[in-house]
Amino acid sequence: MLILLCLLAFRFFSPSLATPTTELDLLMQIKVSLDPRDRFLTSWSFDSDPCSGSFDGVACNEFGNVANISLQGKGLSGRLPAALGGLRNLTGLYLHFNTLNGEIPAELAQLSQLSDLYLNMNNLSGKIPPQIGNMPNLQVLQLCYNKLTGSIPTQLGSLNTLSVLTLQSNQLTGAIPASLGNLETLTRLDLSFNNLFGSVPLKLAATPLLEVLDIRNNTLSGNVPLALKRLNSGFQYGNNTGLCGAGFPHLNVCTASSSHDPYKPEPLKPNGNLTRDIPEPVNLPSNCTEAQCSNPSKYPRVCVISGVVGIFIILTVTGIFAFSWHRRQKQKIGSAFDSSEARRLSTNQAKEVCRKSASPLISLEYSNGWDPLAKGQCGNGFSQEVLEGFMFNLEEVERATQCFSEVNLLGKSNFSATYKGILRDGSVVAIKCIAKTSCKSDEAEFLKGLKILISLKHENLVRLRGICCSKGRGECFLIYDFAPNGNLLQYLDVKEGSGKVLDWSTRKSIINGIARGIGYLHGNKGSKSSVVHQNISAEKVFMDGQYNPLLSESGLHKLLADDIVFSNLKTSAAMGYLAPEYTTTGRFTEKSDVYAFGMLIFQILGGKRQITQLTRHATESSKFEDFIDQNLGGKFPESEAAGLGRVAIICTHDSPNSRPSLAIVMQELSGLSGNS
């Protein structure tokens, strides 16, 4: 009987849902579709358990079910497969910042536990599936910066838990659905840079929790609801020449010809050609398709009956699959990304350890899991008052970076990505995004490292402005002041006449500033405790507007997992910054920082990235033409050049015991400045 029922059910559904019976099968099918050339998901293998930690970007809940897929920025260039809909325990799907193409499969709507869906910053095309409106737990829907077409489905108004909806920078047409006004938890709605026309629905203006509404760069028209004034700067409406309204700074007061009832038909399309009336979208049953509901007053019962029958069949097949899967195997417990149901079932156990409240950094209700900044941490000694003034929420980070727009990407490493951003007060910042999997797994250790980062304040260190941890995204964000003149690496190996050649006084000032920054870290002049930087390089030295050097990533290793720290050493070793004793001791000390600083002096004096043994010999014998940058044209005091060369030589001595401390180095540098 069971086999017969399965065969009957399979006739109603596509083979993509009928064939896989285990999550491993589904993941391998997903791999082939997302990464057809098998370049980035090589860790996904039939020979491994997805919940063992061996599958890159996959995390499981405590019942051994795949609960999170985080593959943002992985270079994936395939398509979204229908097989994703088979991972019924998925709570977070993060595929943003890739080059995925094709349409969004309607099967994603089967992910009833999903709270976060990030598909932004890809090349997705086609229409937004109206079935997405049936997802009961969806809280964040990011589809911005794609090539999506068609209208915004009215069914999205049924997403009762939705907080964030970003659809900007697509090719969407049609009117803004009035049904979006049903979203009582909506705080941010971005529809900018599309081809939307018609009016702004009055119902949308009454959404109680709405803080940000961006409708810029469309062809909207009519009277702007007065209720939107409450959003202040959160309401962006520029480049919609047909809009009017009283009380808005950049809008004309509506006249009899410009004002109209937003629920009346729109007589013109954006190109001005006459067409049939286009009614303002109204609330429709979320299980109706566009074809079935083109005349809602005529066929409501047909829609409801069809929906009920369809749901019954889906639930029947889902039950069969679940029963079969549990019979076949029981996967072991996975990572900390637990589902909401799992958390409810394990409440008693959680009380025994530590009951966390919602993170103060996350104003939006994202999915459960990693939350290192939650109040009431178990005896970690991390006072909540320390965080005051440093706490950012995810919406602020997303707003600052324009939804992590590719145009704002400053750089990317094996563990992080850095974006340029603009805060609400207009200040420019650099936001470093670090995946949870790259951070220390012990939250107490992570918080201890974070406390060190917050405590570091010096004129020659990049200033930390704020922090944010998103438990839903599984990422931590560090917000730093932006350095407008780039990093020191940009000023090495430059061609003559390029305009980036640093004069002698600037080079000397940079050397002194770096020394002061490292000296502060090592406990000199005001630092409360000694911090070894471990990863000093030209790439980590930034320049402010006056070319004052700012040392970045100070203390960052205190947050990172050991394997991430070790992987960064490869670059340091290749560039010559790694002290020779590390290969035998495996330890970093203040003297290893001194060694890296000496290498920086060589680079700054010579204007070159690569330092050879010939450079050292030339410095020792004061052959200035061989170790001083030729771009200076001989415009430098030879006594200062010789003195700085001596400091570089002694700082890079093979024996750490023969290297001076930073305090002694700073005294030597001060003497050179005094003689100039």
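Residues numbered from 1 in each chain as written. Predicted model: local features only at pLDDT ≥ 70, side-chain atom pairs only at ≥ 80, totals over all residues. Heavy atoms only, no water.

(A) Structural detail: the overall build of the chain. Counting its secondary structure elements, the chain contains 18 helices and 25 strands. A total of 676 residues make up the chain; the buried ones form 52% of that total. Residue pairs in contact within the chain that sit at least 24 positions apart in sequence constitute 59% of those at least 6 positions apart. Carbon together with sulfur atoms contributes 53% to the accessible area of the chain, which is approximately 30,600 Å² in total. (Helix = DSSP H or I, 4+ residues; strand = E, 2+ residues; numbered from the N terminus. Buried < 20%, exposed > 50% of the residue type's maximum accessible area, 1.4 Å probe, protein only. Contact = heavy atoms within 4.5 Å. Areas by Shrake-Rupley, 256 points an atom, 1.4 Å probe, with all protein chains shown as cover.)

(B) Geometry of the packing of helix α11 (residues 504-521) against helix α14 (residues 590-606). Interaxial distance between α11 and α14 falls to 10 Å at its minimum, and their mutual angle equals 170°. Taken together, the axes of α11 and α14 are roughly antiparallel relative to one another. Of the residues in α14, those in contact with W504, R507, I510, I511, I514, A515 and I518 of α11 are D593, F597, L600, I601, I604 and L605. Residues belonging to the contact of α11 with α14 are distributed by class as follows: eleven nonpolar, no polar and two charged. (Axes fitted to C-alpha atoms, helices over the stretch in contact; angles between N-to-C directions. Parallel < 35°, antiparallel > 145°, perpendicular 65-115°, else oblique. Nonpolar A, V, L, I, M, F, W, Y, C, P; charged D, E, K, R; others polar.)

(C) Quick look at the state of the cysteines. Applying the stated criterion across every chain yields a total of two disulfides. Two residues, C51 and C60, share a disulfide whose sulfurs are 2.0 Å apart. Judged by the sign of its S-S torsion, about -85°, the bond between C51 and C60 is left-handed. Neither C51 nor C60 differs from the other in exposure class; each is buried. The disulfide partner of C244 is C254, and the S-S distance across this bridge is 2.0 Å. (Disulfide = S-S within 2.5 Å.)

(D) Main features of the sheet that holds strand β19 (residues 409-412). Taken in spatial order, the five strands line up as β19-β20-β21-β23-β22 in an open sheet, and their pairing is antiparallel. If you trace the sheet from one side to the other, it starts and ends with β19 and β22 (464-470), each paired once. Neighbouring strand axes in the sheet, compared pairwise and without regard to direction, differ in orientation by 20° on average. Bridging between strand β20 (residues 416-422) and strand β21 (residues 428-435) involves seven bridges; their strand directions are antiparallel. Following the sheet pairing, K420 is matched in β21 by A430. Where helix α10 (residues 443-455) meets the sheet, its contacts fall on β22 and β23 (475-481), and the angle it forms with β22 comes to roughly 160°. (Pairing = 2+ DSSP bridges.)

(E) Helix α17 (residues 638-651), seen in detail. Here α17 spans 20 Å end to end across 14 residues, near enough to the 20 Å set by a 1.5 Å rise per residue. The element α17 is extensively covered by neighbouring structure, given that ten of its 14 residues are classed as buried. Listed as buried for α17 are E640, A641, A642, G643, L644, G645, V647, A648, I649 and C651. (Expected span 1.5 Å × (residues − 1).)

(F) The environment of L114, seen in detail. Mapped onto the fold, L114 is located in the loop between β4 (101-102) and β5 (116-118). According to the relative accessible area criterion, L114 is buried, its value standing at 0%. Taking the C-alpha atoms as reference, L114 lies 8.4 Å from R88; in sequence the two are 26 residues apart. In contact with L114, not counting residues within four places along its chain, are L90, T91, G92, L93, M135, N137 and L138.

(G) Local environment of the confidence of the model for the chain. Per-residue pLDDT for the chain has a mean of 78; in total, 75% of the residues score no lower than 70. The secondary-structure element of the chain with the lowest mean pLDDT is helix α7 (residues 347-353), recorded at 31, while strand β25 (residues 549-551) shows the highest, at 97. The low-confidence segment residues 1-20, where pLDDT is below 50, has 22 contacts with residues more than four positions distant or belonging to other chains. Within the model, pLDDT remains below 50 along residues 375-383, and this stretch shows 22 contacts once partners closer than five positions in the same chain are excluded. (pLDDT = per-residue confidence, 0-100.)

(H) Summary view of the packing of aromatic side chains. The full count for this structure, using the stated rule, is twelve aromatic pairs. For the ring pair W44 and F55, a centre distance of 5.6 Å and an interplane angle of 25° mean the geometry is stacked. Pair noted here: W44 is in the loop between α3 (23-34) and β1 (58-60) and F55 is in the loop between α3 and β1, with a separation of eleven residues, a long-range link. A single burial state applies to W44 and to F55, both of which are buried. An angle of 45° between the planes, with centres 5.1 Å apart, marks the rings of Y94 and Y118 as tilted. Of the two residues, Y94 is situated in strand β3 (residues 92-94) and Y118 in strand β5; the sequence distance between them amounts to 24 residues. The exposure class of Y118 is buried, given its relative accessible area of 0%. Through successive ring pairs, a cluster of aromatic residues spans W504, F624, F627 and F636. (Phe/Tyr/Trp six-rings, centres within 6.5 Å; stacked < 30°, edge-to-face > 60°.)

(I) Local environment of the sheet that holds strand β11 (residues 188-190). In spatial order, the strands read β1-β2-β3-β5-β7-β9-β11-β13-β15; together these nine strands make up an open sheet with mixed pairing. One side of each edge strand has no neighbouring strand; the edge strands of this open sheet are β1 and β15 (235-236). Relative to strand β13 (residues 212-214), β11 runs parallel, the two being bridged by three bridges. When the bridges of β13 are listed, D190 appears paired with D214.

(J) A look at the pattern of salt bridges. Inspection of every chain in the model, using the stated rule, returns 14 salt bridges. Between R216 and D214 there is a salt bridge, with its nearest N and O atoms 2.7 Å apart. By relative accessible area, R216 is classed as partly exposed at 27%. When its relative accessible area of 6% is taken as the criterion, D214 is described as buried. Between E640 and K508 there is a salt bridge, with its nearest N and O atoms 3.1 Å apart. Linking E640 in helix α17 with K508 in helix α11, this pair joins segments that are 132 residues apart in sequence. Grouping residues by exposure puts E640 and K508 together as buried. (Salt bridge = Lys/Arg side-chain N within 4 Å of Asp/Glu carboxyl O.)

(K) Spotlight on the packing of α11 against α17. One can describe the packing of α11 onto α17 by two numbers: an axis separation of 12 Å at closest approach and a directional angle of 30°. Between α11 and α17, the angle falls in the class roughly parallel. α17 is crossed by α11, and the crossing has left-handed handedness. Along its contact with α11, which presents W504, K508 and I511, the element α17 presents E640, A641 and L644. (Left-handed = near helix turned anticlockwise from the far one by under 90°.)

(L) Just the pairing of β23, in detail. In terms of burial, β23 is largely enclosed, as six of its seven residues are buried. Alignment of β21 against β23, held across seven bridges, turns out to be antiparallel. Directly across from I431, in β23, lies its bridge partner I479. Where β22 and β23 come together, six bridges link them in antiparallel fashion. Bridge assignment links I467 to a residue of β23, and that residue is L478. The antiparallel hairpin formed by β22 and β23 contains four residues in its connecting segment, where G474 sits at a positive phi of about 70°.

(M) Spatial organisation of the environment of P136. By the secondary structure assignment, P136 is in the loop between β6 (123-126) and β7 (140-142). For P136 and L162, which are 26 residues apart along the polypeptide, the C-alpha to C-alpha distance reads 9.0 Å. When sequence neighbours within four positions are dropped, the list of residues in contact with P136 reads S112 and T161.

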